[in-house]
Amino acid sequence: NVMLAMEGEKLQLNFEVPSESLIGFEHFPKSQDQRWYFNEAIKSLLEPSKLFSIPADAECLLVGINVSQSLFAAKDEHGHDEKDEHGHDESDKSEIHSEFSSKYHWNCEHLDEIDSIGTQLMNIFPRIEEIRVRWITNNNQGSIELESKDDRIKGWK
């Protein structure tokens, strides 16, 4: 899921993804390979310019990044919730659920120049099959679903 907000001179992108879709597992990384995948995912999420391409005409400056994950807390936070024990959807087959979350903030001189934003999320993280994007701008709100061949977030103009 990607949430995009544009207001005034500010652009914010929030990206949330299940750990399985990003690194192939949803538990504490046990092997050296799993630790490597985990570390590579964090490195990639810390480089938003590789994940998203904002039109240069907008003159945006990255002013904030926040990347978090719930793998290390997943055992304590999940599996004890009554709703989870009743299996309210197919993702609850496993007792542990974890996700990565990243938030990016830009200040832009010409926010109105942004008519689309490129994304490399599905190329960098090939386990992601689709991305649900919701956006809110000064003028409207909406959503779009991107599939493997789609590499542009658009629709607000």
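Only a predicted model underlies this, so the values are computations on that prediction, with no experimental measurement involved. Sequence order as written defines residue numbering, which begins from 1 separately in each chain. Side-chain atom pairs in this predicted model are given and counted only at pLDDT of 80 or more, local residue features only at pLDDT of at least 70, and totals for whole chains, interfaces and linings cover all residues. Computation of side-chain values covers all heavy atoms of the structure but excludes hydrogens and water.

**As for the pairing of strand β1 (residues 2–7)**
Buried, partly exposed and exposed residues are distinguished by accessible area as a fraction of the type maximum, computed with a 1.4 Å probe on protein chains only: under 20%, between the cut-offs, and over 50%, respectively. Helix and strand labels come from DSSP, where a helix needs a run of H or I of at least four residues and a strand needs a run of E of at least two; each type is numbered from the N terminus. Burial of the side chains of β1 is restricted to one face: V2, L4 and M6 are buried, whereas none of M3, A5 and E7 on the reverse face is. Pairs of strands are assigned from DSSP output, requiring at least two bridges between the strands. Examined bridge by bridge, β1 and strand β2 (residues 10–18) share 6 bridges and lie antiparallel to one another. The residue of β2 that forms the bridge with E7 is K10. Connecting the antiparallel pair β1 and β2 is a turn made up of 2 residues, with G8 showing a positive phi of about 60 degrees. Where β1 and strand β7 (residues 130–136) come together, 4 bridges link them in parallel fashion. Looking across to β7, one finds that A5 is bridged to I136.

**Describing unusual backbone geometry**
Although it is not a glycine, E59 adopts a positive phi angle of roughly 50 degrees. In this structure, E59 sits in the loop between β3 (52–53) and β4 (60–69).

**Structural notes on the pattern of salt bridges**
Two side chains that carry opposite charge are able to pair once their charged atoms sit near each other. The salt bridge criterion pairs a side-chain nitrogen of Lys or Arg with a carboxyl oxygen of Asp or Glu, the two atoms within 4 Å. Scanning the entire structure with this criterion turns up 5 salt bridges. Here E20 and R127 are joined by a salt bridge, their closest N and O atoms 3.4 Å apart. Taken together, the residues E20 in helix α1 (residues 19–23) and R127 in the loop between α6 (121–124) and β7 connect sequence positions 107 residues apart. When its relative accessible area of 45% is taken as the criterion, R127 is described as partly exposed. One salt bridge in this structure joins E40 and K43, with 3.1 Å as the shortest N-O distance. Of this pair, E40 and K43 both sit in helix α2 (residues 32–45), separated by 3 residues, roughly a single helical turn. The class for K43 is partly exposed, based on a relative accessible area of 47%. Within this structure, E130, R132 and E145 form a network of salt bridges that share partners.

**Considerations on the packing of aromatic side chains**
Working definition: a ring pair exists when centres of Phe, Tyr or Trp rings (six-membered ring for Trp) sit within 6.5 Å. Plane angles under 30 degrees give stacked, over 60 give edge-to-face, the rest tilted. Across all of its chains, the model carries 5 aromatic pairs by this definition. Centroid distance F38 to F100: 5.8 Å. Interplanar angle 45 degrees. Geometry classified as tilted. Of this pair, F38 sits in helix α2 while F100 sits in strand β5 (residues 99–108), and the two are 62 residues apart along the sequence. The class for F100 is buried, based on a relative accessible area of 1%. Note on W135 and W156: the rings are 5.9 Å apart at their centroids and 65 degrees apart in plane angle, and the pair reads as edge-to-face. Of this pair, W135 sits in strand β7 while W156 sits in the segment after β9 (152–154); the two residues are 21 residues apart in sequence, bridging distant segments of the chain.

**Thoughts on the confidence of the model for the protein chain**
For residues with low pLDDT, the predicted coordinates do not support detailed interpretation. Residues at a pLDDT of 70 or more form 85% of the protein chain, whose mean pLDDT is 86. In the model of the protein chain, helix α5 (residues 82–85) stands out as the element of lowest mean pLDDT, 37, in contrast to β5, which has the highest, 97. Each residue carries a pLDDT score, the predictor's own confidence in it, on a scale running from 0 to 100. Note on contacts: a residue pair is in contact if any heavy atoms of the two residues lie within 4.5 Å. Note that residues 74–94 has pLDDT below 50 and, in this model, 18 contacts with residues that lie over four places away or in other chains.

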